[in-house]
Amino acid sequence: MRNFNKITLENGLRIITAPKPDSLTVTVLVLVEAGSKYETKEINGISHFLEHMCFKGTKKRPRSIDINSEFDGIGAVNNAFTGHEYTGYYAVAEPRHFDKILDLVSDIYLNSVLPEKEIDKERGVIIEEINMYEDLLKRKVQELFTGLLYGDQPAGWDIAGRKEVIKKLSRNDFLKYRDEHYLAQATIIAAAGNIPEQAVEKIKKIFGGVKIGDKIGKIKTIEKQKKPEVMTRFKKTSQAHLVLGVRAFDIFDERRHAVNVLADILGGSMSSRLFQKIREEMGAAYYVGVDADLYTDHGYLAAFAGVDNKKIIEVIEAILEEFKKMAVQKVAEKELQKAKDHLTGTMMISLETADALANFYGGQELMTKEILTPKELAVKIQAVKAEEIQAVAKDIFQNNKLNLAIIGPFKDKERFEKILTLR
């Protein structure tokens, strides 16, 4: 039994409903295929900036305070987010306020007027957000890592953009970008939780007239690497932040479930290999983990940690050693089953909320246009075999796919280049 429903309107807009009648909340989420990978260098950061501007006033609610007061007046939680592949706008509220949050979220998405004076003010907000990220080293090192991997192309750019671009973007730039991307066929409405019986009809009435247009596509990501690469950013810090990872493959690859299990074995939990090695045995880090990030035309697996400056070489060598082990030794059945159960268990727990359900179904539709239920996805994860994990490890853990980004009190990157090898 599939516990969601999807319909496609004549204009190409997709509506996904995921009813959960016993939920105490309801969520309306709008997703659009407009993220940093749809940008050019001249407008890098516009997807994120536009997300901010959509809250600055609509025809019906001309000021941001008008929008925020209505959300606050019903006790709703609302926000928006921008990624590489898409932008999202959402609100969560008690079920009795479904009509109100649908009206508000749709108004923000469809009718924002993008006032000139607000654009000028919001530039300062965006620039301060960029400044904030510069000081959040745990996050900043992730941006350095993707920049190292992909260089001067959309996949390697920061989602928030560059200050010099933010300072120049005009209202016409926003209008043009919205006209090129905020189109019916690129839009998904996901409603989840305790939704009313007439939810679909209400959504149709509001979004049925969204315009169709020629959607501007993404620039294909180019993978290019011949040897291990290192990027260091000097900063006087009490601990070094590092990301050490490899190029992998895109989200459509049949090995995607195996690489997610592989990442969990390496660093997905407190009993994972790298957590036990680096934190529990070496006492060298507080946070340590591994993620597999897969997108529509590229992907990577990366270990990350905040490390004692004096132990950074030891930590890098420990990560490399675990990478090598995955390629030469099949994971034991007990450890494999633990990782699979951890992935499926945490997924089920995370999907208890209405907003998580909306993101789960809407995100799959936007990224792959193939939707699995949680139970169907759990079956895929549980079917992963040790041989598949070893085969993936052999493919991705190679010198010509290896990358290391570090922020810390280090000026000489040669010391890291000397040890960065899987042979």
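Residues numbered from 1 in each chain as written. Predicted model: local features only at pLDDT ≥ 70, side-chain atom pairs only at ≥ 80, totals over all residues. Heavy atoms only, no water.

J.: Now, about unusual backbone geometry: what can you tell me, with residues and values included?
T.: The phi torsion at Leu114 lies on the positive side, around 50 degrees, for a residue other than glycine. Mapped onto the elements of the fold, Leu114 is located in the loop between helix H3 (98-111) and helix H4 (116-135). Leu114 gets classed as buried once you look at its relative accessible area, which sits at 0%. (Helix = DSSP H or I, 4+ residues; strand = E, 2+ residues; numbered from the N terminus. Buried < 20%, exposed > 50% of the residue type's maximum accessible area, 1.4 Å probe, protein only.)

J.: Which residues make up the sheet that holds strand E10 (residues 299-308), and what values go with them?
T.: Strand order in the open sheet made by the five strands is E7-E11-E8-E10-E9, with mixed pairing throughout. Of all the strands in the sheet, just strand E7 (229-234) and strand E9 (285-294) have a single pairing partner and so form its edges. With strand direction ignored, the average angle separating the axes of adjacent strands in the sheet is 10 degrees. Across eight bridges, E9 lies against E10 in antiparallel orientation. From the neighbouring strand, Asp293 faces E10, where its bridge partner is Tyr300. Across the face of the sheet, helix H9 (residues 256-267) comes into contact with E9 and E10 while running at roughly 175 degrees to E9. (Pairing = 2+ DSSP bridges. Axes fitted to C-alpha atoms, helices over the stretch in contact; angles between N-to-C directions. Contact = heavy atoms within 4.5 Å.)

J.: Account for the pairing of strand E3 (residues 26-32), with residues named and values stated.
T.: When you tally the buried positions in E3, you get seven out of seven residues, the bulk of the element. Every second residue of E3 is oriented toward a common face, with Val26, Val28, Val30 and Val32 on one face and Thr27, Leu29 and Leu31 on the other, all of them buried. In this sheet, strand E5 (residues 87-93) lies alongside E3 in antiparallel orientation, the contact comprising seven bridges. The residue of E5 that forms the bridge with Val28 is Ala91. Judged from the seven bridges that link them, E3 and strand E6 (residues 187-193) form a sheet pairing that is antiparallel. Each bridged residue has a counterpart across the sheet, and for Val32 the counterpart in E6 is Thr187.

J.: Give me the nonpolar core: which residues, what numbers.
T.: Ranked by size, the top nonpolar core spans 81 residues in total, and within it Leu242, Leu244, Leu262, Leu301, Ile316, Ile396 and Phe397 carry the most contacts. The dominant element in this core, judged by the number of residues it contributes, is helix H11 (residues 312-328), at nine residues. Residues Val26, Val105, Ile127 and Tyr182 belong to the second largest nonpolar core, which totals 53 residues. (Core = buried A, V, L, I, M, F, W, Y, C linked by side-chain atoms within 4.5 Å.)

J.: Run through the environment of Gly306, naming residues and quoting values.
T.: In this fold, Gly306 is placed in strand E10. Residue classification places Gly306 among the buried positions, given a relative accessible area of 0%. Considering only alpha carbons, one finds Gly306 and Gly408, 102 residues apart in sequence, at a separation of 9.9 Å. Here Gly306 is in contact with Gln239, Ala240, His241, Ala284, Ala285, Tyr286 and Tyr287, once residues within four sequence places are set aside.

J.: Let's hear about the packing of aromatic side chains: which residues, and what values?
T.: Under the definition given, this model contains 13 aromatic pairs. A centroid spacing of 6.1 Å and a plane angle of 35 degrees characterise the contact between Phe55 and Tyr89, whose relative ring orientation is tilted. One end of the pair, Phe55, is in the loop between helix H1 (46-53) and helix H2 (64-73); the other, Tyr89, is in strand E5, with 34 residues separating them in the sequence. Grouping residues by exposure puts Phe55 and Tyr89 together as buried. Judged by centre distance (5.2 Å) and plane angle (85 degrees), the rings of Phe360 and Tyr361 are edge-to-face. Comparing Phe360 with Tyr361 shows no difference in burial state: the two are buried. (Phe/Tyr/Trp six-rings, centres within 6.5 Å; stacked < 30°, edge-to-face > 60°.)

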